[in-house]
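# Residue-level structural notes
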Amino acid sequence: MVTTVSRSHATAPDTAPRRRRRWRNSFTAYLLIAPAVGYLVVLLLFPLFRGIQLSLTDTKLVNPAGGDFVGAENYTNLMSSGQFWNSLLATLIYTAATVVFAVLLGTAAAVFINRPFRGRAGIRAVMTFPYAMPTVAVALVYVWIYNQSGGVLNNSLGVLGIGQTGWLTDPQWGMFSVVLATVWKVFPFVMLVMLAALQSVPEELYEAAKIDGAGPMSTFRAIVLPHLAPTLRIVALLMTIWSIRRFEIIYLLTGGGPVERTNTLVINIYRRAFSDQDLGVAATIGVLGLVLSILVTLVFFGVERRESRKEAAA
Amino acid sequence: MMARIVGRAFSFTSLAVLVVFAAFPIYWMINTALSTDSELYRTGQSWWPTVGRIADIPSVLSDVPILRWLGNSAVIAFGTTLLSLALAVLAAYALSRFKFYGKGVSAFFLFATQMLPEALLVVPLFALFSTLGLLNELHGLVLANVAFTMPVAVFILKNAIDAIPFKIEESARVDGCPRWGQLTMIVLPLIVPSIAAAAVINFFDGWNEFLFANTFIADSEKWPASVGLASFVGQYSTPLSSVMTAAFLFTLPAIVFFLIVQRQIVSGLTAGAVKG
């Protein structure tokens, strides 16, 4: 609540001109931050409340301003709809698989690239390309790689005598293919963050481990891993929230198919809104998806608090 | 000694596998761009690109209106960057240099918005934009994008301003330099690298954005490249090599700029996530 520009003035006697300046300073601060906050209120907060409100109506796409209040009907309908639970399950499978594989692969890549060697900068740059590539381009390339006849994946497996697989059309493989393309796209993010964390491990710890005769595996387990743990937890949280939110790559690769296997909540929202033209139901799924994100975040902060207490006690 | 050689061989092999995994789809995009449809669908795609076909690239421009789409993407990305940075510079300065009632709440609000799924907001935003007549307009798209890019820029710029010693502004103030002058003549010149990094990140968020563009822009003349290229997914009447060439032209600037500001992007991404 202390309003002052200069820290050295914070304890200065509270005279009238000082008070006036202080007021003027906080006025300036409000003036500076108001455009940004106001912008987000209009373009995020207001639509968010409008979304919650829409979820209580039967609004249709053809008349977005109309629609009658139906109470919790959309919610109760969804709760008893197999399609919704299937969509939730698809979200959980997609999220769990993407987070686990992206974190494992990204961390492994960071460990391998952490040690200095010739050409390291170039190799690191190549490994970040997927992250920089626009998702639409990623989808176009993967659709072609996965193509049933002529795609390089089936062509190569064909040489080994394995028959053609419909990577994006076979219900058994749809989710796998979408997860693989996603992991390819996002693992460089994990790699970059974990690389920064690895480089913050103090050199003395490695030397101490060497003197104690620890091998590379036990050094990693006993020294590096505990040091990485807080960063790993945050990266896993970010990855989880982003996976729940992710739209583009799933939409472009499978559009929610085959047989709704990859119909995550976010894809479901879009299909309900713009194919079924049912804005009320779409908004309801959106609200439930947001609740899921918030739950994940709360669980994360619970774990975080327990872990930091444990670290403080140790 | 033996264990060490095995260990080295293991990390070398793993690294090689990872590099191939990361680079292959990009290589394949280029290789496909330099193939003909009869190779792709009949005789089988070669593992090596026919480099001589680079000369045929201009003919792609007649198959795919990629230049117009890239132009639209650039307009959207520039607009997004300018508006986003204008708002973010002021907000970051306030959050870094002032103490005021509600500061914690404002900061929390700015960053909590990043959790909202675009797909949830696209429905009410569609309704809002249709009443305001902003559908099918590039500037409407800019308005929607900035809501997601601006908080990122605030985060990067606030960290940058925090790192400047306050003493410089203090002495300017004593010399009678007004607030506005302190911001424009002292703070901004010192954070140019971070502004550049934030600009590049915001630019490519606008450049790559698909969901809002796909929903709001119906007119194919106004499509950005993301929506235009997406219209070729699962569509085989346009030669695939042309589509891949267009996709490559869309990808190239994103990768080049990412490499140029990689250091800033990485420190921006990791500032919050890495402790210790």
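Values in this document were obtained by computation on a predicted structure and should not be read as measured data. (Residues numbered from 1 in each chain as written. Chains lettered and ligands numbered in written order. Predicted model: local features only at pLDDT ≥ 70, side-chain atom pairs only at ≥ 80, totals over all residues. Heavy atoms only, no water.)

### Looking at the interface of chain B and chain A
- Taken residue by residue, the interface counts 96 residues in chain B and 96 residues in chain A.
- Of the roughly 8,400 Å² buried between chain B and chain A, counting both surfaces, carbon and sulfur atoms make up 79%.
- Linking chain B to chain A there are 1 salt bridge.
- Where chain B touches chain A, the interface holds 8 residue pairs in polar contact (both at pLDDT 80 or more).
- Per element, the largest residue contribution to the side of chain B that touches chain A is 16 residues, and it comes from helix 1 (residues 2–33) of chain B.
- Its residues placed into classes, the side of chain B that touches chain A shows 70 nonpolar, 18 polar and 8 charged. (Contact = heavy atoms within 4.5 Å. Buried area = accessible area lost by both parts, 1.4 Å probe. Salt bridge = Lys/Arg side-chain N within 4 Å of Asp/Glu carboxyl O. Polar contact = N/O pair within 3.5 Å; in protein donor to acceptor, adjacent residues only side chain to side chain. Helix = DSSP H or I, 4+ residues; strand = E, 2+ residues; numbered from the N terminus. Nonpolar A, V, L, I, M, F, W, Y, C, P; charged D, E, K, R; others polar.)

### Notes on the packing of aromatic side chains
- The full count for this structure, using the stated rule, is 37 aromatic pairs over all chains.
- The interplanar angle of 75° and the centroid separation of 5.4 Å between the aromatic rings of A:Phe84 and A:Trp85 together place this pair among those described as edge-to-face.
- Relative accessible area serves as the criterion here: at 4%, A:Phe84 is assigned to the buried category.
- Following the ring pairs from residue to residue traces out a cluster consisting of A:Phe247, A:Tyr251, A:Tyr270, A:Phe274, B:Phe126, B:Phe129, B:Phe148, B:Phe210, B:Phe212 and B:Phe216. (Phe/Tyr/Trp six-rings, centres within 6.5 Å; stacked < 30°, edge-to-face > 60°. Buried < 20%, exposed > 50% of the residue type's maximum accessible area, 1.4 Å probe, protein only.)

### Focus on the domain arrangement of chain B
Residue and element names in this part refer to chain B.
- The domains assigned to chain B are domain 1 (1–61) and domain 2 (64–273).
- Each of domain 1 and domain 2 was reduced to a C-alpha centroid, and the two centroids are 32 Å apart.
- On the side of domain 2, 14 residues touch domain 1, which itself brings 12 residues to the contact.
- Buried surface at the junction of domain 1 and domain 2, both sides included, amounts to about 1,100 Å², of which 73% is carbon and sulfur.
- The largest per-residue losses of area from domain 1 upon contact with domain 2 belong to Met29, Val60 and Leu61, which jointly make up 47% of the total buried on that side.
- Inspection of the region where domain 1 meets domain 2 yields 0 salt bridges.
- At the junction of domain 1 with domain 2, the criterion picks out 1 residue pair in polar contact (both at pLDDT 80 or more). (Domains from an automatic or database assignment.)

### Some remarks on the domain arrangement of chain A
Residue and element names in this part refer to chain A.
- Taken as a whole, chain A is organised into domain 1 (16–54) and domain 2 (73–313).
- For domain 1 versus domain 2, the separation of C-alpha centres amounts to 35 Å.
- Between domain 1 and domain 2 lies a buried interface of about 320 Å² when both sides are counted; carbon and sulfur atoms form 76% of it.
- The interface formed by domain 1 and domain 2 holds 0 salt bridges in total.
- Within the side of domain 1 that touches domain 2, the residues separate by chemical class into 3 nonpolar, 1 polar and no charged.

### So, the nonpolar core
- Among the nonpolar cores identified, the biggest contains 173 residues, and A:Met239, A:Leu253, B:Met150, B:Leu157, B:Phe216 and B:Leu229 are the most heavily contacted of them.
- Looking at this core element by element, the count peaks at 17 residues for helix 7 (residues 174–198) of chain A.
- The residues touching B:Leu229, leaving out its near neighbours within four places in the chain, are A:Val136, A:Leu140, B:Ile66, B:Trp69, B:Val243, B:Ala246, B:Ala247 and B:Phe250.
- Within the second largest apolar cluster, 5 residues are counted, among which are A:Ile234, A:Leu237, A:Ile241 and B:Met115. (Core = buried A, V, L, I, M, F, W, Y, C linked by side-chain atoms within 4.5 Å.)

### Topic: the side chain of A:Ser87
Residues and elements named next belong to chain A.
- Relative to the helices and strands, Ser87 resides in helix 3 (residues 82–114).
- Ser87 sits in the buried class, given a relative accessible area of 0%.
- Ignoring anything within four residues of it in the chain, the contact list for Ser87 reads Asn263, Thr264, Leu265 and Asn268.

### A word on the confidence of the model for chain A
Residue and element names in this part refer to chain A.
- Taken as a whole, chain A shows an average pLDDT of 87; of its residues, 92% reach a score of 70 or greater.
- Here helix 8 (residues 203–211) stands out as the least confident element of chain A, with mean pLDDT 83; helix 10 (residues 248–253) is the most confident, with 96.
- Note that residues 1–12 has pLDDT below 50 and, in this model, 23 contacts with residues that lie over four places away or in other chains. (pLDDT = per-residue confidence, 0-100.)

### What about empty space enclosed by the protein?
- All told, the structure shown has 3 cavities of 30 Å³ or more when counted by the stated rule.
- Approximately 90 Å³ is the volume found for the second largest cavity.
- Listing elements by their share of the lining of the second largest cavity, those giving two or more residues are helix 5 (135–146) of chain A together with helix 13 (240–260) of chain B.
- Residues belonging to the lining of the second largest cavity are distributed by class as follows: 9 nonpolar, 4 polar and no charged. (1 Å grid on protein atoms, 1.4 Å probe; cavity = no way out; pocket = protein on both sides within 12 Å on 5 of 7 lines; lining within 4 Å. Points joined across faces, edges and corners; volume = space filled by probe spheres on them.)

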